[in-house]
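Okay, here's what each chain looks like letter by letter:
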Amino acid sequence: MTGIVIGFLIDGFIFFSEDLFVGWLVVAGRPRRPRPTANQASSIKHHQAPSHLITLHHSNDQNHAAMITLTYLEFYSGIGGWGYALEHALRNVAVTPPSQPEQPQLHCQLLGAFDHSDICKHVFVHNHHQGTNHNQNKKLFRQTPIERITLEELETHSAHIWCMSPPCQPHTRQHSNQQIEMNDPRSKSFLHLCDMIGTMEQSTLPCLILLENVIGFELSGTTVDGDDTQTQSTNDSETNQLQQMRRGSFQTWREVLSKREYQVAHFHISPEDIGLPNARPRHYTVAFRPGSLHSKIKDTTISAQVTSLCNYGNLFAKEILHEPPVIWGPKSLGTIPPELPLIGDFLDVECELEPLRIPEKVWSSSSAWCFDVVTPLHHRSACFTHSYAKFVRGTGSILYTGPMSNDSDEIGNTNRKRDREGKFLVATRFDLEAPEARTFDADWSNDIDWKNDMRYFSGTEIARLMGFPVSKPAVRSRAAHDGIDTAFRKFSFPSTISVKQQWKLLGNSLNVQVAGTLAEIGIKTLLCSDLLKN
């Protein structure tokens, strides 16, 4: 087959052609993103014109787009968040001729998803529609411990992209001894993947690796201040064993990426940084092998003459193991801090309230004072964890749906803000306060109708806040009136999955739009590296 030539542009146009194909790549300086409207954020539209365009046309048929397929493996797949993130990323990288707006020129193909949970498998297969063969889709999901995946299997797949969200428990604040987290059984599967990367044949290595974990993952294995256990050891073997135990998963991760010549960038990003009113700060690693994509995409030639790498190239470098890692924050995304939409934009048009009601034994207890309460008028929500509704503190916000204003000043603080009619805003009683300003008040909720005005968030509401393209419309979403964008795969829960199961699954998942933003950076930089190297 005749090759496809991709041309490259920075601050100008460069065109290339070879036989029957003409192509061009435009990477023309990443503009600052406009602030999203509430409707844009809530409906999660992904078909807006991207800032970087890749267009490939057949020279004798301008309406025929050349297709490039990026294959991927999803480890710890859960409900499939990384797959949605990749689709989000690729829609921002590539567009097609106007006559084919629903057929991206870059698209992703799942080769395999791995997780040990049968409930995850049920939700994943329910949402993953790759072709029409349902049995084949089920075979793509392997319900197995990650550490049982063999080197031969990974090399046979030879996927372009690996996505993973390893277990976070060994690295959370509640974990009492992160200095020896490598001995935690939950770290075993991730260390197995590190070993596989270190031993795979070079041509089968993934071109791009995407990892998500809790903030604290990058601290695994660090030595606590004043710990002189190592110097007290007089036995060399004991010292070596201690050093190995304390090296940590993150150090092992950096070492294997360095060994296999990956360019790496680490990020700490929260959904609030990209326009979603939810706090979920996470650690992300994006790593790519320069020039590796060219050899894996068949019948395709990537060539160009450029003077500099695309805008994100300065974020990446080979790991310098004797120095602390560089962790990039939200400013590295090059966007204006967004104006966050209202929580009300993400609420269901209709939902069954009974499973969302807070039990009386919970709201009547003194611990209810620790609830993080938000209203539809707030622009924030707390991180939702897999323990949502099991515990009061630190597992996610609950929702007040009662009246937003009141004529009386007798309830709560008389200095509370007022609306234009002079009525004080009930919503402001739930505004966050600094820890030192919080004082326990046993009567704080006596005036609240807990049975009718306070509830948990539904699974689909949390999914929207986590960036999933939920098929069920939201209250203030344009999708509720204009229909659903069928060009993007939608997310829903099977009817057999209970609300409690939905909460747990989402608490163990990731934010699709944050992960998609970082996947977009990785894919664009990988493409640019191929253009430079070839």
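Please read these numbers as outputs of a predicted model, since none were measured by experiment.

## Observations regarding the overall build of the chain
In step 1: The secondary structure content of the chain amounts to 15 helices and 20 strands.
In step 2: In the chain, which comprises 534 residues, the share counted as buried stands at 53%.
In step 3: Look at the contacts in the chain between residues 6 or more apart in sequence, and 77% of them connect residues 24 or more apart.
In step 4: Carbon and sulfur atoms provide 50% of the accessible area of the chain, an area that totals close to 24700 Å².

## Brief notes about the environment of Glu 74
In step 1: Counting through the fold element by element, Glu 74 comes out in strand 7 (residues 68–75).
In step 2: By relative accessible area, Glu 74 is classed as buried at 1%.
In step 3: Sequence separation between Glu 74 and Trp 162 is 88 residues, and the spatial gap between their C-alpha atoms is 6.2 Å.
In step 4: What Glu 74 contacts, discounting residues up to four positions off in sequence, is Gly 80, Gly 81, Trp 82, Gly 83, Leu 110, Gly 112, Ala 113, Phe 114, Phe 124 and Cys 163.
In step 5: Among the polar contacts made by the side chain of Glu 74, one reaches the main-chain amide nitrogen of Trp 82 at a distance of 3.0 Å.

## Some points on the confidence of the model for the chain
In step 1: In this model, the chain carries a mean pLDDT of 76, and residues with pLDDT of at least 70 account for 65%.
In step 2: A low-confidence stretch, residues 238–245 (pLDDT under 50), is modelled with eleven contacts involving residues beyond four sequence positions or located in other chains.
In step 3: Contacts for the low-pLDDT stretch residues 301–309, under 50 throughout, to residues beyond four places or in other chains number 30 contacts.

## Remarks on the nonpolar core
In step 1: One finds Phe 371, Phe 457 and Phe 468 to be the most contacted residues of the largest nonpolar core, which totals 87 residues.
In step 2: Counting residues per element, this core draws most heavily on helix 15 (residues 512–533), which supplies nine residues.
In step 3: Once residues within four sequence positions are removed from consideration, Phe 371 is found in contact with Ile 358, Val 362, Val 392, Ile 398, Trp 450 and Tyr 456.
In step 4: By size, the runner-up hydrophobic cluster in this structure holds 27 residues, among which are Trp 162, Phe 190, Phe 250 and Trp 253.

## What to know about the pairing of strand 13 (residues 282–288)
In step 1: Of all the seven residues making up strand 13, seven are buried; the element is thus mostly covered by neighbouring parts of the structure.
In step 2: On strand 13, burial covers both faces: Arg 282, Tyr 284, Val 286 and Phe 288 on one face and His 283, Thr 285 and Ala 287 on the other are all buried.
In step 3: As paired elements, strand 11 (residues 208–214) and strand 13 share seven bridges and run antiparallel to each other. From the neighbouring strand, Glu 212 faces strand 13, where its bridge partner is Tyr 284.
In step 4: For strand 12 (residues 263–269) and strand 13, the ladder comprises seven bridges, and the chain directions are antiparallel. Paired with Val 264 across the strands is Ala 287, a residue of strand 13.

## Considerations on the pairing of strand 7
In step 1: Most of strand 7 is tucked away, with seven of its eight residues classed as buried.
In step 2: With eight bridges joining them, strand 7 and strand 8 (residues 106–115) adopt parallel strand pairing. Bridging across to strand 8, Thr 69 finds its partner in His 107.

## What about the environment of Glu 87?
In step 1: Tracing the backbone through its elements, the reader meets Glu 87 in helix 2 (residues 81–93).
In step 2: For Glu 87, a relative accessible area of 16% puts it in the buried group.
In step 3: Considering only alpha carbons, one finds Glu 87 and Gln 109, 22 residues apart in sequence, at a separation of 9.7 Å.
In step 4: Here Glu 87 is in contact with Cys 108, Phe 488 and Arg 489, once residues within four sequence places are set aside.
In step 5: One polar contact links Glu 87 to Arg 489, side chain to side chain, over a distance of 2.8 Å.

## A look at the packing of aromatic side chains
In step 1: In total, this model carries 19 aromatic pairs according to the counting rule given.
In step 2: Aromatic side chains Tyr 388 and Trp 503 sit 5.3 Å apart centroid to centroid with 85 degrees between the ring planes, which places their arrangement in the edge-to-face category. One end of the pair, Tyr 388, is in the loop between strand 16 (373–374) and strand 17 (398–400); the other, Trp 503, is in helix 14 (residues 499–507), and 115 residues separate them in sequence.
In step 3: You can call Tyr 388 buried: its relative accessible area is 3%.

## A few points about the pattern of salt bridges
In step 1: Evaluation of the coordinates by the stated rule reveals eleven salt bridges.
In step 2: Arg 380 is the salt-bridge partner of Asp 372, the closest N and O atoms lying 3.0 Å from each other.
In step 3: The structure contains a network of salt bridges with shared partners spanning Asp 348, Arg 464 and Lys 472.

## Here's the deal with the sheet that holds strand 16
In step 1: Strand order in the open sheet formed by three strands is 16-17-20, and the pairing between neighbours is mixed. Every interior strand has two partners, whereas the edge strands, strand 16 and strand 20 (454–456), have only one.
In step 2: Relative to strand 20, strand 17 runs antiparallel, the two being bridged by three bridges. Among the inter-strand pairings, Ile 398 is bridged to a residue of strand 20, identified as Tyr 456.

## What about the environment of Thr 252?
In step 1: Residue placement: Thr 252 occurs in helix 8 (residues 236–259).
In step 2: A relative accessible area of 12% means that Thr 252 is categorised as buried.
In step 3: C-alpha separation for the pair Thr 252 and Phe 190, spaced 62 residues apart in sequence, amounts to 9.9 Å.

Reading the values: rules and limits
Residues numbered from 1 in each chain as written. Predicted model: local features only at pLDDT ≥ 70, side-chain atom pairs only at ≥ 80, totals over all residues. Heavy atoms only, no water. Helix = DSSP H or I, 4+ residues; strand = E, 2+ residues; numbered from the N terminus. Buried < 20%, exposed > 50% of the residue type's maximum accessible area, 1.4 Å probe, protein only. Contact = heavy atoms within 4.5 Å. Areas by Shrake-Rupley, 256 points an atom, 1.4 Å probe, with all protein chains shown as cover. Polar contact = N/O pair within 3.5 Å; in protein donor to acceptor, adjacent residues only side chain to side chain. pLDDT = per-residue confidence, 0-100. Core = buried A, V, L, I, M, F, W, Y, C linked by side-chain atoms within 4.5 Å. Pairing = 2+ DSSP bridges. Phe/Tyr/Trp six-rings, centres within 6.5 Å; stacked < 30°, edge-to-face > 60°. Salt bridge = Lys/Arg side-chain N within 4 Å of Asp/Glu carboxyl O.

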